[in-house]
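Coordinates in review
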Amino acid sequence: MGAKQSRADSKAKNPKGMLLLGRRQKFSPWDDALLSGRDPRSLLKRGMRHISFSLVTKGMTDVPDFLWGLLEVQKLNLSHNELRILPPEVGQLTRIVVLNLCGNRLKSLPGELSLLKNMKVLFVNMNCLTELPAELSSCRNLEVLSLSHNCLSQLPASFADLSRLRKLNLSNNYFAHIPICVFSLKELDFLHVGSNRLENIAESIQCLANLQIFIAESNNIHSFPRSLCLVTSLELLNLNNNDIQTLPDELYLLCRLTRIAWNPMDKGLHISHNPLSKPLPELVEGGLEMLFSYLKDKKHN
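We now turn to the structure provided with this report. As the structure is a computational prediction, the values presented were derived from the model and not from experiment.

**Let's talk about the overall build of the protein chain**
Looking only at helices and strands, one finds four helices and 11 strands in the protein chain. Per-residue burial for the protein chain yields a buried fraction of 47% across its 301 residues. Summarising the internal contacts of the protein chain: among those between residues at least 6 apart in sequence, 33% fall at separations of at least 24. With the model as given, the accessible surface of the protein chain reaches about 15,500 Å², and the carbon-plus-sulfur share is 50%.

**Section: the packing of aromatic side chains**
Going through the model one piece at a time under the given rule, you end up with one aromatic pair. Measuring from centroid to centroid gives 6.0 Å for phenylalanine 53 and phenylalanine 66, while their planes differ by 75°, and the two rings are edge-to-face. Here phenylalanine 66 lies in the loop between β2 (51-54) and β3 (75-77) and phenylalanine 53 lies in strand β2, a separation of 13 residues in the sequence. Phenylalanine 66 gets classed as buried once you look at its relative accessible area, which sits at 1%.

**Brief notes about helix α4 (residues 288-300)**
With 13 residues, α4 should reach 18 Å at 1.5 Å per residue; the first-to-last C-alpha distance of 18 Å fits that figure. Along α4, the residues that are buried comprise Leu288, Leu291, Phe292 and Leu295. The buried residues of α4 occupy one face: seen down the axis, they fall within an arc of 95°. Opposite the buried face of α4, at more than 90 degrees from it, the exposed residues are Glu289 and His300.

**Quick word on the nonpolar core**
The tendency in soluble globular proteins is for nonpolar side chains to be buried side by side. Core analysis: the largest hydrophobic core is formed by 84 residues, its most contacted members being Phe214 and Leu291. Where this core is concerned, the elements lending two or more residues are β2, α3 (280-286) and α4. Contacts of phenylalanine 214, omitting those with residues within four sequence positions, involve Ile178, Leu191, Val193, Ile201, Ile205, Leu228, Leu234, Leu236, Leu237 and Asn238.

**Describing a positive patch on the surface**
Side chains of Arg49, Lys75, Lys120 and Arg164 sit close together on the surface and give a patch of like positive charge. The topology assignment puts arginine 164 in the loop between β6 (144-146) and β7 (167-169). On the accessibility criterion, arginine 164 (48% relative accessible area) is partly exposed.

**Examining the sheet that holds strand β5 (residues 121-123)**
Pairing is mixed across the open sheet formed by 11 strands, whose spatial order is β1-β2-β3-β4-β5-β6-β7-β8-β9-β10-β11. At either end of the open sheet lies a strand with only one pairing partner, and these are β1 (45-46) and β11 (268-270). Note: strand β4 (residues 98-100) against β5, three bridges, orientation parallel. The partner of asparagine 100 across the bridge, within β5, is phenylalanine 123.

**Considering the pattern of salt bridges**
For the coordinates displayed, the defined rule picks out 11 salt bridges. A salt bridge links arginine 166 to aspartate 189; its shortest N-O distance comes to 3.5 Å. Of this pair, arginine 166 sits in the loop between β6 and β7 while aspartate 189 is found in the loop between β7 and β8 (190-192), placing the two residues 23 residues apart along the sequence. Overall, arginine 166 belongs to the partly exposed group, its relative accessible area being 30%. For lysine 167, the salt bridge identified is with aspartate 189, shortest N-O distance 2.9 Å. Of the two residues, lysine 167 is situated in strand β7 and aspartate 189 in the loop between β7 and β8; the sequence distance between them amounts to 22 residues. Judged by relative accessible area, which is 30%, lysine 167 ranks as partly exposed.

**Some remarks on the side chain of serine 148**
Along the polypeptide, serine 148 turns up in the loop between β6 and β7. Classification of serine 148 as buried rests on a relative accessible area of 6%. Within the structure, serine 148 has its side chain in polar contact with the side chain of histidine 149 (distance 3.3 Å). When near neighbours in sequence (up to four residues on either side) are disregarded, serine 148 contacts Asn125, Met126, Asn169, Ser171, Asn172 and Asn173.

What counts, and at which threshold
- Residues numbered from 1 in each chain as written.
- Predicted model: local features only at pLDDT ≥ 70, side-chain atom pairs only at ≥ 80, totals over all residues.
- Heavy atoms only, no water.
- Helix = DSSP H or I, 4+ residues; strand = E, 2+ residues; numbered from the N terminus.
- Buried < 20%, exposed > 50% of the residue type's maximum accessible area, 1.4 Å probe, protein only.
- Contact = heavy atoms within 4.5 Å.
- Areas by Shrake-Rupley, 256 points an atom, 1.4 Å probe, with all protein chains shown as cover.
- Phe/Tyr/Trp six-rings, centres within 6.5 Å; stacked < 30°, edge-to-face > 60°.
- Expected span 1.5 Å × (residues − 1).
- Arc of directions from axis to C-beta.
- Core = buried A, V, L, I, M, F, W, Y, C linked by side-chain atoms within 4.5 Å.
- Patch = residues over 30% accessible without salt bridge, like charges linked within 9 Å, V, L, I, M, F, W, Y side chains within 5 Å.
- Salt bridge = Lys/Arg side-chain N within 4 Å of Asp/Glu carboxyl O.
- Lys, Arg positive; Asp, Glu negative; His and termini not counted.
- Charge placed at Lys NZ, Arg CZ, Asp CG, Glu CD.
- Pairing = 2+ DSSP bridges.
- Polar contact = N/O pair within 3.5 Å; in protein donor to acceptor, adjacent residues only side chain to side chain.

In short, shape yes, function no, at least from these values alone.
Spelled out as structure tokens, the structure:
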């Protein structure tokens, strides 16, 4: 009897003693509805670079328990469901590189996300987040972080430690100013802070020397800071729909801006729908070269 029990235990475990998910394992009714009797691992997609698992638009209100046994998953997509809580067990999936949680009803994130040391991309846009765990700053390999369309008004100071972050989307939140920690992210090449409650852009923006795309449209920004003219790597600068009346004479230093842009996706300077003082509106209509020439002459006269 003891030998039979030992062999049964051996079949249920892998060499490391971890329970395997087999067809005989009992799941909750919700898990069964998703699996329809299948082995969870049969749903894994093995691509050229990553092993992925997707449960998109399933109407889930809870994350199914079987997911925490899929330790090999690297790309996990749980977007566009009805999730209100992300369980701390997510920290067990330490191989995750891409985690997509957008379009749910999450109000917070577990600190256990800090255990995902390999994570490079995190999408948590279109949720109900009011705060973020400081522990997330332990994900030092994070390169892309999308937090748009939430209810955020601040970021943890520890986010300054996300030294590899290249793309940060904070749009459509409640930020009254760009969080100070953002100016420590020296590798940023994309920053979106549009549709917030900004009234100014801090002089520290010049610290982001690698920034190529900066979008701050649809705020209440009153002035165009001269320090922004020192971010000469900029190729797209969008300040549409603000309260800017004047432009700095040093604007011509942004030599990678090649034109006045009107299409939201175009590179260049977006400055429409601002109460610019005369003669700036006419100069903008005439094109960027005319605008730069005027500001440059104005500075030297």
